[in-house]
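Residue-level structural notes
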Amino acid sequence: MRKCFTAVPLLCMLVFFTSAGTTASAQSIAKTCEYEQTQGENPDQRTMNCLLTEAALMYDVPPEIVKAIAETESGDWRHFDDNGEAIITDDGGIGIMQITNQANYDEERLKKDVVYNIQAGVEILDGMFKRSDLPTINGNERDVLEHWYFSIMAYNGTKPINSPVVQASGERNSEAYQEKVFDMIKRYGLIDVQRLPFKPEDFRYDNNSDANIEFVTMDYHFELPFTNTKHHFKKGQKAAATTNARVRARPTTSSSSKGQLNKGEIVSIEGTFQYEEDRNKKNHFVWYPIKRSDGTTGYVASSYLDYRYSDVPAGRYSEDAIYYLTKRGILQGVGNDQFAPEQRLTRWQAALMLVRAHNVSLENRPDPGFTDVPYDYEYYDVIAAAVDEGLFEGKDDNKFDP
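Described below are features of the structure shown in this document. (Residues numbered from 1 in each chain as written. Predicted model: local features only at pLDDT ≥ 70, side-chain atom pairs only at ≥ 80, totals over all residues. Heavy atoms only, no water.)

Overview of the pattern of salt bridges
- Taken as a whole and assessed by the stated rule, the structure comprises 25 salt bridges.
- Of the charged contacts in the structure, one is a salt bridge between R78 and D82, with a shortest N-O distance of 3.1 Å.
- Under the relative-accessibility criterion, R78 is labelled partly exposed at 24%.
- The exposed category is assigned to D82, whose relative accessible area is 76%.
- Ionic contacts of the salt-bridge type, sharing partners, join the residues D60, D126, K130 and R142 into one network. (Salt bridge = Lys/Arg side-chain N within 4 Å of Asp/Glu carboxyl O. Buried < 20%, exposed > 50% of the residue type's maximum accessible area, 1.4 Å probe, protein only.)

Observations concerning the packing of helix α9 (residues 347–357) against helix α10 (residues 380–388)
- Interaxial distance between α9 and α10 falls to 9 Å at its minimum, and their mutual angle equals 65 degrees. Between α9 and α10, the interaxial angle falls into the category roughly perpendicular. The chirality of how α9 crosses α10 is left-handed. Where α9 approaches α10, its residues W348, A351, L352 and V355 are matched on the opposing element by V382, I383, A385 and A386.
- Each residue belonging to the contact of α9 with α10 can be placed in one class, and the counts come to eight nonpolar, no polar and no charged. (Axes fitted to C-alpha atoms, helices over the stretch in contact; angles between N-to-C directions. Helix = DSSP H or I, 4+ residues; strand = E, 2+ residues; numbered from the N terminus. Parallel < 35°, antiparallel > 145°, perpendicular 65-115°, else oblique. Left-handed = near helix turned anticlockwise from the far one by under 90°. Contact = heavy atoms within 4.5 Å. Nonpolar A, V, L, I, M, F, W, Y, C, P; charged D, E, K, R; others polar.)

What about empty space enclosed by the protein?
- One pass over the structure, following the stated rule, counts two cavities of 30 Å³ or more.
- Looking at the lining of the largest cavity, the elements that each hand over two or more residues are α5 (114–129) and α6 (149–156).
- Here the lining of the largest cavity is built from residues that sort into five nonpolar, four polar and one charged.
- Its boundaries defined by the atoms lining it, the second largest cavity holds a volume of some 50 Å³.
- Taken together, E64, I185, G189, I191, H231, H284, F285, S302 and S303 form the lining of the second largest cavity.
- Each residue belonging to the lining of the second largest cavity can be placed in one class, and the counts come to three nonpolar, five polar and one charged. (1 Å grid on protein atoms, 1.4 Å probe; cavity = no way out; pocket = protein on both sides within 12 Å on 5 of 7 lines; lining within 4 Å. Points joined across faces, edges and corners; volume = space filled by probe spheres on them.)

Looking at the nonpolar core
- Ranked by internal contacts, the top residues of the largest apolar core, which has 80 residues, are M97, I118 and F150.
- Of all the elements, α5 adds the most residues to this core, at 10 residues.
- Dropping the residues within four chain positions of it, I118 is found in contact with M48, L51, L52, A55, I96 and M97.
- Within the second largest apolar cluster, 16 residues are counted, among which are W348, V360, F370 and V382. (Core = buried A, V, L, I, M, F, W, Y, C linked by side-chain atoms within 4.5 Å.)

A short note on unusual backbone geometry
- Although it is not a glycine, Q98 sits at a positive phi angle of roughly 50 degrees.
- For Q98, the position within the fold is in the loop between α3 (63–74) and α4 (107–112).
- The exposure class of Q98 is buried, given its relative accessible area of 1%.
- In this model, N398 sits at a positive phi of 65 degrees, which is unusual for a non-glycine residue.
- By secondary structure assignment, the location of N398 is in the segment after α10.
- What makes N398 partly exposed here is its relative accessible area of 40%.

Limitation: the analysis is restricted to geometry and does not speak to function.
Set out below in structure tokens:
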């Protein structure tokens, strides 16, 4: 249940809904999902998938995370109990997203309005991602599932019970809230999110105290194949199969098979994603219409697709290296689905890649003293860290030439 424990109460009250804005956005989500609420009745599974997904996309939050939180909080995506009343827990958690600190929200509406409850939960989660008192992971990118690790933790509370590791043994704390959410992503979203290799010394807390965890390490850099959300593919983009996957005639596992994609096979995205046809079948993933190189079309579950740059053709000599480094957050594209493989590399870009590749912290680095890298330069911290670690040097004229 979302408890939002924090030393600063205002962090639990992140964004004020305006009545008009909330109503308009709720109506937009309901219209997209063709949902007309009947008081006391839970939406069917297909509709709930849509409501959770559309609310997540509205706030630029990975839908996989929102759907997994709703699953962890309410079980089976339920807002109302068997008596038609909003589910309310002993500690006051309300509805599908279990909103407990509702100073900014209408409590009665949280009970009666499913879409409003979902919006409130997504908005609170979005606020957690923007907090400055929580650790960040690599580039803290919004579309990377693992980068939301501490935001998910904070949604439930930064108490010792949610420590990523068991302090006494150093083992992963599988009972931590955020670990359970990641388990839900794997179980229902069919995505195996990376387990992050935290260490006991990264956290300080007393199991016998009600005090929040003290985060000793605030900036993590892991060389891991991170997982991007699978809900952002656009028509015309290329994608690769992450495993052998069935191509379905319609967007449902109940439809006939039109063949199997082989792991690594490149397909073209033919349109926006669609939700499961069977209204009573619960999937956290969505379906994308795709076209294979032989012209065959069909639907593939989003879980089994991975993004590909439009200007890196299959079979290019550097293809494997580009995606190896991209998945580990060392390289990124230049926008518009392009990698620009022929573009010249600048010195600040090289420094950034070296810092990422060596998992270098940017904290507490001395000023390198370059006349062309002032303190307010966008990549000052990166250059300072690279130079301090001996990964990069300046030039003879006391410049870095970024």
